[in-house]
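# Examining the three-dimensional arrangement
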Amino acid sequence: RENPCRGISRNKEQGRDVYVHDDVFWRVYSRAERHIQFVMLVAYLIGQRVADCLKIRLSDIRDDEIYIQQNKVKTRLRIKVTGLLQEVIGRLKDERGQQMHDYLFVYLGGRQSFSGKPLTVSMLRGGMDRAREKAGVDKQAFQFRDLRAKAATDKDELQGVEAARELLGHVNQSMTMHYIRNRKGRLVEPTK
């Protein structure tokens, strides 16, 4: 008997091709709650997926490096904690104070009963929705997951595709090029 699904074309999934420009990022950042601001900055600086950012623990930061094992492909990375990343993590630790758990990102605002709880995906989604609404930015123009592509694109522009590949934890450059391709456009010189 012949397979009844033979000859049926599948739905082609369209990937996002959005580059979050700095002015849009900072507009949303300025309207975001403090705990969302921290996650936005760290996610951009380390270029990891949403789940990989939220699962970072203080114990994962040793010898000025963040040790990460990515959920999706199990790639292990060590990201140096220097410059702006060091400053942001230092401020985050100071503001969060003593917590009963080891998670880096916690809910810092709202009712006291929720204060200090580990930040979840739904808390992040709600915080991003509120920040975008206050900033007047459409959800299609900026989603939290776009920060990974922004990090890759900016890293490629500053240090090249190999540096972007290493930051994202890809095995080869073809996947990194998928993140970078057409996000911002190549910077070229005029004729004269």
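Here, the structure is the one placed above.
Our subject in this report is the structure included herewith. Every value quoted in this text rests on a predicted model; they were computed, and no experiment measured them.

What counts and how
Residues numbered from 1 in each chain as written. Predicted model: local features only at pLDDT ≥ 70, side-chain atom pairs only at ≥ 80, totals over all residues. Heavy atoms only, no water. Helix = DSSP H or I, 4+ residues; strand = E, 2+ residues; numbered from the N terminus. Buried < 20%, exposed > 50% of the residue type's maximum accessible area, 1.4 Å probe, protein only. Axes fitted to C-alpha atoms, helices over the stretch in contact; angles between N-to-C directions. Parallel < 35°, antiparallel > 145°, perpendicular 65-115°, else oblique. Left-handed = near helix turned anticlockwise from the far one by under 90°. Contact = heavy atoms within 4.5 Å. Nonpolar A, V, L, I, M, F, W, Y, C, P; charged D, E, K, R; others polar. Polar contact = N/O pair within 3.5 Å; in protein donor to acceptor, adjacent residues only side chain to side chain.

### Remarks on the overall build of the protein chain
Counting its secondary structure elements, the protein chain contains eight helices and three strands. From first element to last, N terminus to C terminus, the protein chain shows the α and β order α-α-α-β-β-β-α-α-α-α-α. Expressed as lengths along the three principal axes of its C-alpha atoms, the size of the protein chain is roughly 60 × 60 × 40 Å. Buried positions account for 41% of the 192 residues belonging to the protein chain.

### Let's talk about the packing of helix H2 (residues 34–46) against helix H4 (residues 83–96)
Two numbers describe a pair of packed helices, the interaxial angle and the distance between the axes. Following both chains from N to C, one finds H2 and H4 inclined at 155°, their axes separated by 10 Å at the closest point. On the basis of the axis angle, H2 is roughly antiparallel to H4. For the pair H2 and H4, the sense of crossing is left-handed. Of the residues in H4, those touching H2 at Arg34, Phe38, Leu41, Val42, Leu45 and Ile46 are Leu84, Leu85, Val88, Arg91, Leu92 and Glu95. Its residues placed into classes, the contact of H2 with H4 shows nine nonpolar, no polar and three charged.

### Details of the environment of Arg78
Examined against the element boundaries, Arg78 turns out to sit in strand S3 (residues 76–80). Taking the C-alpha atoms as reference points, Arg78 and Leu167, 89 residues apart in sequence, are found 9.2 Å from one another. At 3.2 Å, the side chain of Arg78 and the side chain of Glu65 are in polar contact.

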